[in-house]
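# Reading the structure
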Amino acid sequence: MKLGIVGLPNVGKSTLFNAITKAGAQAENYPFCTIEPNIGVVPVPDPRLDKLAEMYNPEKVTPAFIEFVDIAGLVKGASKGEGLGNKFLSHIREVDAIVHVVRCFEDEEVTHVEGSVDPIRDIEIINLELIFADLESLEKQMVKAQKMAKSGDKQSIEKLQVMEYIKENLEKGIPARNLAFSEEQRNLVRQLFLLTSKPVIYAANISEKDVGVEDLPLVQKVKEYAQKENAQVVVICAKLEEEIVLLDDQEKKAFLQEMGLESSGLDKLVSACYSLLGLISFLTAGPKEVRAWTIKKGTKAPQAAGKIHSDFERGFIKAEVIPYDTLVAVGSYTAAKEKGLVRSEGKDYVIQDGDVVLFRFNV
């Protein structure tokens, strides 16, 4: 799953990405060690793995991970090719969701491309560029759909109706992600590859002196804006995050306590992105490895097994399942088994977040 980090120049996008890349570099268990310079892979914070590691003392612990792509900078006129607009737009089409970094700090030494700090104006500049790009893309696609619809092709007629509905709203400044669709229409929308259909998290980037301060006026504006489109806001200090990722676990814990924070902004952002994409983790545990596996909410047991190995899905017999909390409360898998707390689930079982699973299969 890929998330694209977007934002105007000098909003803290690159600083945040630097923190993400450094965090990714420390994830030694990530299976692909060589990653492109414009991609950062970050482990998803999950305290459950630490507890299972205490119980099983495994050879290695592997977290779930999420991938961030540093999208080229955007300026007004990007949809017409201004700045690195074309590069920005082609890269954003490839991501599953957008992390929109918004500047919520004043700093005379960091110039703003628009001459002043105004988070709502900044958000709207980017949203409008995405809308302009989608309108251009839609118009081209509608020409083809109109020809097909004239021949009586039912799917083309339905697709054209959906496109006209989206176009009408885009012209009013409403992104496709804020529109209501049936499940069938949603499938048609996916085929359009619209930039404004991608879910968004706003990362309100604040200064170091504002960390821990409640009700910051600029952040409040972003939250009010996001509320209108049911989007999440994560408050983050990109400059501070760049420093935090260089600390070891103990130093990080002490530093956060000193700042009065429960977790780092980057950890909050990663968790929020994971949730935004509709992802959950199931867990496997044994002496060789304790691991979190990423699946979409609603995934059934055989497909979850296929995440581990295609043979597990092909030869699926059953899943032996125990919720994480139950396992920890009992103290061991053996004790849970003896108490009859390990359930045997078949092909229709929907895996839940935090399920500790042992798959039985035969190929």
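Residues numbered from 1 in each chain as written. Predicted model: local features only at pLDDT ≥ 70, side-chain atom pairs only at ≥ 80, totals over all residues. Heavy atoms only, no water.

Counting its secondary structure elements, the chain contains 14 helices and twelve strands. Against the 2.2 N^0.38 benchmark of 21 Å for 363 residues, the chain shows a C-alpha radius of gyration of 23 Å, consistent with a compact globule. Summarising its shape, the C-alpha atoms of the chain cover approximately 65 × 60 × 35 Å along the three principal directions. Expressed as a percentage of its 363 residues, the buried residues of the chain come to 46%. Sequence separation of at least 24 residues holds for 70% of the intrachain contacts in the chain that already meet a minimum separation of 6. When the accessible surface of the chain is totalled, it reaches about 18700 Å², and 49% of it is carbon and sulfur. Charged side chains of the chain number 45 positive and 55 negative; the gap between the two group centres comes to 7 Å. (Helix = DSSP H or I, 4+ residues; strand = E, 2+ residues; numbered from the N terminus. Rg over C-alpha atoms; globule rule 2.2 N^0.38 Å. Buried < 20%, exposed > 50% of the residue type's maximum accessible area, 1.4 Å probe, protein only. Contact = heavy atoms within 4.5 Å. Areas by Shrake-Rupley, 256 points an atom, 1.4 Å probe, with all protein chains shown as cover. Lys, Arg positive; Asp, Glu negative; His and termini not counted. Charge placed at Lys NZ, Arg CZ, Asp CG, Glu CD.)

Turning next to the pairing of strand S7 (residues 232-236). As judged from the five bridges shared by strand S6 (residues 200-205) and S7, these two strands associate in the parallel manner. Each residue of the ladder has a partner; that of Ile201, found in S7, is Gln232. Handedness of the crossover joining S6 and S7 through helix H7 (residues 217-228): right-handed. (Pairing = 2+ DSSP bridges. Right-handed = clockwise from strand over helix to strand, strands pointing away.)

Turning our attention to the nonpolar core. Counting 75 residues, the largest nonpolar core has Leu3, Ile66, Phe68, Val99, Tyr202, Leu269 and Cys273 as the members making the most contacts within it. Counting residues per element, this core draws most heavily on helix H10 (residues 265-276), which supplies six residues. Grouped together as the second largest cluster of nonpolar side chains are 18 residues, Ala145, Ala149, Val162 and Ala176 included. (Core = buried A, V, L, I, M, F, W, Y, C linked by side-chain atoms within 4.5 Å.)

Take the sheet that holds strand S1 (residues 2-6) next. Strand order across the open sheet formed by six strands is S2-S4-S1-S5-S6-S7, with mixed pairing between neighbours. Strands at the two margins of the open sheet, each flanked by one partner only, are strand S2 (39-43) and S7. Taken pair by pair, the neighbouring strands of this sheet meet at an average axis angle of 25 degrees, ignoring direction. Of the strand pairs in this sheet, S1 and strand S4 (residues 65-70) are connected by four bridges, and their pairing is parallel. Within S4, the residue paired with Leu3 across the bridge is Phe68. Sheet strands touched by H7: strand S5 (97-103), S6 and S7. Its angle to S7, the strand with the most contacts, is close to 160 degrees. (Axes fitted to C-alpha atoms, helices over the stretch in contact; angles between N-to-C directions.)

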